[in-house]
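Fold and contact review
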Amino acid sequence: MAWNIAGVELNSRLFLGTAGYPSPLALRDAIHASAAEVITVALRRQMPGEVQHNEFYALIRDSGCRLLPNTAGCHSAREAITTAKMAREVFGTHWIKLEVIGDDYSLQPDPFELVEAARQLVAEGFEVFPYCTDDLVLCRRLVEVGCRILMPWGAPIGSGQGLLNPYALRTLRARFPDIPLIVDAGIRAPSDAARAMELGYDAVLLNSAVAQAHEPVRMARAFGLAIESGRMGYTAGLMPVQERAVPSTPVVGTPFWHQEPLR
């Protein structure tokens, strides 16, 4: 079912990264198998002047997907803003996945630099997709400076730990009912992506889970199906959790044996 994000209508709810694939052919076929319509790309792969004659960027261009450039590798608001402006010029899009890393070990975002970069980029006319943690206060600050989309992590980038804090993700969904929420980072298995969609998230962005799979193309297809299934389950309405067992077959009127207590 079609959905809208930042004024663009999409059919797929899978955003796919393009780094770390075993070959350009595997990347091309994975994009096709996933049915993704948005793919992320880091400007720092190549110098901007090389983009027009670069094989990688030719593949990206020929995919027919909408590009979501990112500021991967930036450690300050200033650095991220400069990279975002370069990406807008090179790729011709005002969409930007904003990454401002504060810790090189966990790749956790720097909340202070992230909010400042988001504030300035929104003022410059960018549609900012901020990569952030699942911290409620940080997400609120990002919305306050003009972000219309949030991308909280499921777990640290590339860790494959899945959804470490479903409670925090549920809280964000409840507190921001009208903000598109995209789980970004930490996903390992298609079941992780399905769980995110069952929590009511609007989409999932992943890279390593496909690129580092033994068979990236099959895994890309698996994720596409899992996300579609998870969304369908959410919209169908999950049954409530019960504190006790409830029989699926009614027992009213069913004969049963009763033993009198011994005296």
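Sequence order as written defines residue numbering, which begins from 1 separately in each chain. In keeping with the predicted nature of the model, local features appear solely for residues at pLDDT of at least 70, side-chain atom pairs appear and are counted solely at 80 or more, and the whole-chain, interface and lining totals rest on all residues. Water and hydrogen atoms were dropped before computing side-chain values, which therefore reflect all heavy atoms in the structure.

1. Considering the packing of aromatic side chains
For Phe, Tyr and Trp, where Trp contributes only its six-membered ring, two rings pair if their centres lie within 6.5 Å, and the inter-plane angle classes them as stacked under 30 degrees, edge-to-face over 60, or tilted in between. Here the structure, examined in full by the defined rule, presents 4 aromatic pairs. Where Phe 56 meets Tyr 57, the ring centres are 5.3 Å apart and the plane angle is 75°; that geometry is what we call edge-to-face. In this pair, the class of Phe 56 matches that of Tyr 57, namely buried. Where Tyr 57 meets Phe 91, the ring centres are 5.5 Å apart and the plane angle is 50°; that geometry is what we call tilted. One end of the pair, Tyr 57, is in helix α2 (residues 55-62); the other, Phe 91, is in helix α3 (residues 77-91), with 34 residues separating them in the sequence. Neither Tyr 57 nor Phe 91 differs from the other in exposure class; each is buried. An aromatic cluster is built from Phe 56, Tyr 57 and Phe 91, whose rings are joined through pairwise contacts. Note on geometry: a ring has a charge over it if NZ (lysine) or CZ (arginine) is within 6 Å of the ring centre and within 35 degrees of the ring normal. In this structure, Arg 66 packs its charged tip against the face of Trp 95, placed 4.1 Å from the ring centre. Exposed residues in this analysis have more than 50% of their type's maximum accessible area, buried residues have under 20%, and partly exposed residues fall in between, with area computed by a 1.4 Å probe over protein chains only. The way it works is that DSSP assigns letters per residue, a run of H or I at least four long becomes a helix, a run of E at least two long becomes a strand, and they are numbered from the N terminus.

2. Focus on the pattern of salt bridges
In the sections that follow, a salt bridge refers to a side-chain nitrogen of Lys or Arg positioned within 4 Å of a carboxyl oxygen of Asp or Glu. If you walk through the whole model with that rule in mind, you get 9 salt bridges. Note that Glu 116 and Arg 119 form a salt bridge whose closest N and O atoms lie 2.5 Å from each other. On the criterion of helical spacing, the pair formed by Glu 116 and Arg 119 is a turn pair, its members being 3 residues apart in helix α4 (residues 111-123). Judged by its relative accessible area of 28%, Glu 116 falls in the partly exposed class. Exposure remark for Arg 119: the relative accessible area of 40% places this residue in the partly exposed category. Where Arg 173 meets Asp 202, a salt bridge forms, and the shortest distance between an N and an O atom there is 2.8 Å. Taken together, the positions of Arg 173 in helix α6 (residues 166-175) and Asp 202 in the loop between α7 (190-198) and β10 (203-206) put the pair 29 residues apart, joining distant regions of the chain. In this pair, the class of Arg 173 matches that of Asp 202, namely buried.

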